[in-house]
Amino acid sequence: MKVTVVGAGAVGASCAEYIAIKDFASEVVLLDIKEGYAEGKAMDLMQTASLNGFDTKVTGTTSDYSKTANSDICVITSGIPRKPGMTREELIGINAGIVKSVSSSLIEHSPNTIIIVVSNPMDTMTHLVHKTTDLPKNRIIGMGGALDSARFKYRLAEALGAPISDVDGMVIGGHSDKGMVPLTRLATRNSVPVSEFISDERLTQVKEDTKVGGATLTKLLGTSAWYAPGAAVSGLVQAIACDQKKIFPCSTYLEGEYGLSDLCIGVPVVLGRNGIEKIVDITLSDAEKAHLQESAAGVQKTNGLLEL
């Protein structure tokens, strides 16, 4: 199992680190346009191998896509990160050109790869890869929902005063502050609805805190977060590489599912060796359906800014 991560910045390097430590891949290739940067990150990671007990080989390259040949999974994290006050949508002009070029170069050397898109605005960048490559829809995956759901579970555990291992919850919809749809109705603590433990008012606050989770961190850090995004990507990569058949909310191309078509947006999917093996159609309330439709309208508006 060979995995390529394009972009050796904070998110890409964290992603590579988590994949290496989990030790399910034979090789991870880091690629970056900055001279020597990916090579240095790879060397630093390899010097942790004996300490962290993994045998995954991590290598780095400066823009030499031939080193990524025959990758089973490719992760695109490249692009400019958010700064305080910026929306994900404001990144579209620069990041669209980067993602289009990167995906084309990756597929040239790994025509049967599965691509996971992390670059923002993530749903629109995932849509761009669909529209500009010949990969089948099951092999193009947007990461956002997996990260948003992790942030949702963090906020739920905080509100409940419970360990995160006791909490489950999911966020669907667009990966944007206004577009996320945290499914508070379906969130549970050890199979018991969280509404049994906390008030509707507190649940609403959890929902709102989840939706601005990325912006909150960007304000604190001065740039985009990296630990949780890297961990979210590594979870998707492991589910695919190990054929786990796990359900994650991911941005995927819809053709009528959930009443939506011709866009990529976060919905629950089963991930296995073939990428997205099934789109899971869960029953939503009328309010949840309305929120998902509003989210889709926002994604479509951003998609309209693409120059395809």
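Fair warning: this is a prediction, and the values are worked out from it, not measured in the lab.

A.B. asks: It is not clear to me how the overall build of the chain should be interpreted in this structure. Could you clarify?
C.D. replies: In terms of helices and strands, the chain carries ten helices and 14 strands. The C-alpha extent of the chain, read off along each of the three principal axes, is 55 × 45 × 35 Å. For the chain, the accessible area works out to roughly 13300 Å², and carbon and sulfur atoms hold 51% of it. Taking the 29 positively charged and 35 negatively charged side chains of the chain as two groups, their mean positions are separated by 1 Å.

A.B. asks: Explain the packing of helix H5 (residues 122–132) against helix H10 (residues 286–303) here, please?
C.D. replies: Two quantities define a packed helix pair, namely the angle between the helix axes and the distance between the axes. For the pair H5 and H10, interaxial distance at closest approach is 9 Å and the crossing angle is 60°. It follows that H5 is oblique to H10 by the angle criterion. The two elements H5 and H10 meet at a crossing, and its hand is right-handed. Contact residues: H5 offers Asp123, Thr124 and His127, while H10 offers Val299, Thr302 and Asn303.

A.B. asks: What's the story with the packing of helix H4 (residues 92–109) against H5 in this structure? I'm lost.
C.D. replies: Running from N to C, H4 and H5 point in directions that differ by 40°, and their axes come no closer than 10 Å. As far as their axial angle goes, H5 and H4 are oblique. Here the hand of the crossing between H4 and H5 comes out right-handed. For the pair H4 and H5, contact is made by Ile92, Asn95, Ala96, Val99, Lys100 and Ser103 and by Thr124, Met125, Leu128, Val129 and Thr132, respectively. Residue classes in the contact of H4 with H5 are distributed as six nonpolar, four polar and one charged.

A.B. asks: Mind showing me how you'd approach the nonpolar core here?
C.D. replies: Among soluble globular proteins, nonpolar side chains are generally buried collectively. Ranked by internal contacts, the top residues of the largest apolar core, which has 53 residues, are Ile116, Ile141, Leu236, Val237, Ile265 and Leu271. By residue number, the principal contributor to this core is helix H9 (residues 227–241), which donates seven residues. Setting aside its immediate chain neighbours within four residues, Leu271 contacts Ile141, Leu236, Ala239, Ile240, Gln244, Lys245, Lys246, Phe248, Cys250 and Ile276.

A.B. asks: Looking at this structure, how should I read the environment of Ile172?
C.D. replies: Within the secondary structure layout, Ile172 lies in strand S8 (residues 171–173). Considered as a pair, Ile172 and Val206 are 34 residues apart in the sequence and their alpha carbons are 15 Å apart. Residues contacting Ile172, with those up to four places away along its chain left out, are Gly179, Met180, Val181, Leu183, Gly266, Val267, Pro268, Leu284 and Leu292.

Conventions we followed
Residues numbered from 1 in each chain as written. Predicted model: local features only at pLDDT ≥ 70, side-chain atom pairs only at ≥ 80, totals over all residues. Heavy atoms only, no water. Helix = DSSP H or I, 4+ residues; strand = E, 2+ residues; numbered from the N terminus. Areas by Shrake-Rupley, 256 points an atom, 1.4 Å probe, with all protein chains shown as cover. Lys, Arg positive; Asp, Glu negative; His and termini not counted. Charge placed at Lys NZ, Arg CZ, Asp CG, Glu CD. Axes fitted to C-alpha atoms, helices over the stretch in contact; angles between N-to-C directions. Parallel < 35°, antiparallel > 145°, perpendicular 65-115°, else oblique. Left-handed = near helix turned anticlockwise from the far one by under 90°. Contact = heavy atoms within 4.5 Å. Nonpolar A, V, L, I, M, F, W, Y, C, P; charged D, E, K, R; others polar. Core = buried A, V, L, I, M, F, W, Y, C linked by side-chain atoms within 4.5 Å. Buried < 20%, exposed > 50% of the residue type's maximum accessible area, 1.4 Å probe, protein only.

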